[in-house]
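# Structural description and commentary
Below are the chains, spelled out letter by letter.
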Amino acid sequence: MVLSMNQEYLKDLKNCQLCSWNCKVNRLEGERGVCRAGIPEIAYTSLTSVLKSYSMTLLGCSFRCVYCNAYRISQYPDSGWMYRGYVEPEDLVQEALNSFETSLARNIGVKKISFTGGEPSIHTPYLEEVVSRMKEIIPELEVGLATNGFSTHKTMKRLVKLSSYINFEIKAFDDEIHHAITGAPVKPVLKNAEWLVRKHPEKIRVFRTVAIPGINDSQIPKIAQFIKDIDPTLPYRLVGFRPHFMIYYHPAPSKSFMQKLVESCKKQGLENVDYSGYYPSGSVYMVHNGREELKIIYNYLSNVGCYRMPRNCSSCTEKDYCPAIVLEPWTNLPKE
Ligand code: SF4
Ligand code: SF4
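A brief structural summary.

Parameters and conventions
- Residues numbered from 1 in each chain as written.
- Chains lettered and ligands numbered in written order.
- Predicted model: local features only at pLDDT ≥ 70, side-chain atom pairs only at ≥ 80, totals over all residues.
- Heavy atoms only, no water.
- Helix = DSSP H or I, 4+ residues; strand = E, 2+ residues; numbered from the N terminus.
- Rg over C-alpha atoms; globule rule 2.2 N^0.38 Å.
- Contact = heavy atoms within 4.5 Å.
- Areas by Shrake-Rupley, 256 points an atom, 1.4 Å probe, with all protein chains shown as cover.
- Near = heavy atom within 4 Å.
- Nonpolar A, V, L, I, M, F, W, Y, C, P; charged D, E, K, R; others polar.
- Core = buried A, V, L, I, M, F, W, Y, C linked by side-chain atoms within 4.5 Å.
- Buried < 20%, exposed > 50% of the residue type's maximum accessible area, 1.4 Å probe, protein only.
- Expected span 1.5 Å × (residues − 1).
- Phe/Tyr/Trp six-rings, centres within 6.5 Å; stacked < 30°, edge-to-face > 60°.
- Pairing = 2+ DSSP bridges.
- Axes fitted to C-alpha atoms, helices over the stretch in contact; angles between N-to-C directions.
- Right-handed = clockwise from strand over helix to strand, strands pointing away.
- Parallel < 35°, antiparallel > 145°, perpendicular 65-115°, else oblique.
- Left-handed = near helix turned anticlockwise from the far one by under 90°.

### Some details on the overall build of the chain
A count of helices and strands for the chain gives 10 helices and 8 strands. A globule of 336 residues ought to have a C-alpha radius of gyration of about 20 Å, and the chain, at 20 Å, matches this closely. Taken along the three principal axes of its C-alpha coordinates, the chain extends 55 × 45 × 35 Å. Once local pairs closer than 6 in sequence are excluded, the contacts in the chain between residues at least 24 apart make up 72%. Surface accessibility of the chain: about 14900 Å² in total, with carbon and sulfur atoms responsible for 52%.

Structure, rendered in structure tokens:
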């Protein structure tokens, strides 16, 4: 692909090292890294009342999380769903500006933009271009970002520069469980989290973890301790898992399960902990043993055709034709 003058901002994609996989592929010439992304593509845009923002959802992700509730977006294009595609930054900016003027946006009070996905950081040059063009028109614009924290340090610095606040997700603390849940190592995530807190605490909106009974119960107090050791006042939010993707038939957490997890985090000395989401008749079952959790996760993985242990999507020979990207998750009945 020959870049036109106004697409020069995509040059980093010719030798992509935006995330810690460091694939060094030319995404503009059809080569694909672990994220399988080419040029930045938009799934859709939407107005959100919680964040009061115009949200831009980008396709593709550096992880293959077993529980992903947006797997058709994160695992694009292998999920088989068609989405909007590449949008010139100037067009996206104009759409956002037009959207700010709608009666719905005015009623909600939308004045900022946010990037989500998928994993928006795999498209950092595109985010920068959109933000810089929009700030030419609204210099005080606020920009939110949701990330899995797997960027390289260099990319992380760029993300901090372009965003006003960051929702940073830590999916597990122990490396072997992080590998099992996401297909990726945890070290870059924890390193970026610590760097962000120490250097740019003002940018942290929240740390969050999706709480999955029997899969990462043992991890949540460890993540709480990790955060507390840096700063006990940092906000930590637990999000109740909803069954999806590779663990479609796994039980969701009950209210008391979520409350117990919050208490276990507070016991670590973390002050600002809360949760959102639970299932009315959900599971109260808790596992505090990482070995047992690993067994449960790898059982699910083998059920969808992933037999790598430890699971590492970068070194896997099947990464370009991953059997675990199940198109209709509900057809994947658990083994009796
Ligand atoms: S996985 Fe990361 S390094 Fe590899 S192509 Fe995607 S963004 Fe680039
Ligand atoms: S089969 Fe390979 S690429 Fe697919 S989820 Fe398993 S380790 Fe990752």
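This is not the end of the story, as more comes after the structure.
### Overview of the site of ligand 2
Around ligand 2, the neighbouring residues are Arg 64, Cys 306, Arg 308, Arg 311, Cys 313, Cys 316, Lys 319, Cys 322, Pro 323 and Ala 324. Looking at the shell around ligand 2, its residues break down into 6 nonpolar, no polar and 4 charged.

### Comments concerning the nonpolar core
Formed by 100 residues in total, the largest nonpolar core has its most connected members in Tyr 67, Ile 113, Phe 115, Phe 168, Ile 170, Phe 207 and Tyr 236. Ignoring any residue separated from it by four or fewer positions in sequence, one finds Tyr 67 in contact with Glu 169, Lys 171, Ile 181, Val 210, Ile 212, Phe 241, His 244, Phe 245 and Ile 247.

### Section: helix α8 (residues 219-230)
Compared with the 16 Å implied by 1.5 Å per residue over 12 residues, the 17 Å span of α8 between its first and last C-alpha is a close match. In this structure, the buried residues of α8 make contact with α6 (175-182), α7 (187-199), β6 (204-211), β7 (236-240), α9 (255-267) and α10 (290-303).

### Quick notes on the packing of aromatic side chains
With the rule as written, the count across this model stands at 10 aromatic pairs. For the pair Tyr 76 and Tyr 83, a centre-to-centre distance of 6.1 Å together with 70 degrees between the ring planes defines the contact as edge-to-face. You can call Tyr 76 buried: its relative accessible area is 15%.

### Quick look at the side chain of Glu 293
You can see Glu 293 is positioned in helix α10. In this structure Glu 293 touches Ile 177, Gly 214, Ile 215, Asn 216, Asp 217, Ser 218, Gln 219 and Val 287, once residues within four positions along its chain are discounted.

### Some thoughts on unusual backbone geometry
Where the residue is not glycine, phi is negative for most of them; where a peptide bond is considered, it is trans in most cases. Residue Pro 77 is bonded to the preceding Tyr 76 through a cis peptide linkage, with omega at 5 degrees. Looking at the element boundaries, Pro 77 is found in the loop between α1 (71-74) and α2 (89-100). Across the junction of Met 309 and Pro 310, the peptide omega takes the value -5 degrees, indicating a cis bond. With respect to the element layout, Pro 310 can be found in the segment after α10. In the Ramachandran plot, Lys 52 falls in the positive-phi region, its phi being about 50 degrees despite a non-glycine side chain.

### Side note on the sheet that holds strand β4 (residues 143-147)
Pairing is mixed across the open sheet formed by 8 strands, whose spatial order is β1-β2-β3-β4-β5-β6-β7-β8. The open sheet has two edge strands with one neighbour each: β1 (42-48) and β8 (273-276). For this sheet, the mean angle separating the axes of adjacent strands, direction not counted, is 20 degrees. Here strand β2 (residues 53-58) runs beside strand β3 (residues 112-116); their pairing, made up of 5 bridges, is parallel. Bridge pairing in β3 places Met 56 opposite Phe 115.

### Re the pairing of β6
Taken across its 8 residues, β6 has 6 buried, putting it largely inside the fold. Bridge count between strand β5 (residues 165-169) and β6: 4 bridges; the pairing is parallel. The residue bridging Ile 166 from the neighbouring strand is Ile 204, located in β6. The sheet contact formed by β6 and β7 spans 5 bridges and is parallel. If you follow Thr 209 over to β7, its bridge partner there is Leu 238. Assessed by its sense of winding, the connection that carries the chain from β6 through α8 to β7 is right-handed.

### Things to note about α6
Taken across its 8 residues, α6 has 6 buried, putting it largely inside the fold. Taken together, the buried residues of α6 touch α7, α8 and α10. Note on α6: the residue one or two positions beyond its end, Gly 183, has a positive phi of about 85 degrees.

### A word on the site of ligand 1
If you check the shell around ligand 1, you find Cys 16, Leu 18, Cys 19, Trp 21, Asn 22, Cys 23, Val 25, Arg 27, Gly 33, Val 34, Cys 35 and Ile 122 and nothing else. The class makeup of the residues in the shell around ligand 1 is 9 nonpolar, 2 polar and 1 charged.

### Overview of the packing of helix α4 (residues 124-137) against helix α5 (residues 153-162)
The geometry of α4 relative to α5 is characterised by a closest axis approach of 10 Å and an angle of 20 degrees between their N-to-C directions. Judged by the angle between their axes, α4 and α5 are roughly parallel. In terms of crossing hand, the pair formed by α4 and α5 is left-handed. Together, Thr 124, Pro 125, Leu 127, Glu 128 and Val 131 of α4 and Thr 155, Arg 158, Leu 159 and Leu 162 of α5 make up the contact between the two elements. Split into classes, the residues belonging to the contact of α4 with α5 amount to 5 nonpolar, 2 polar and 2 charged.

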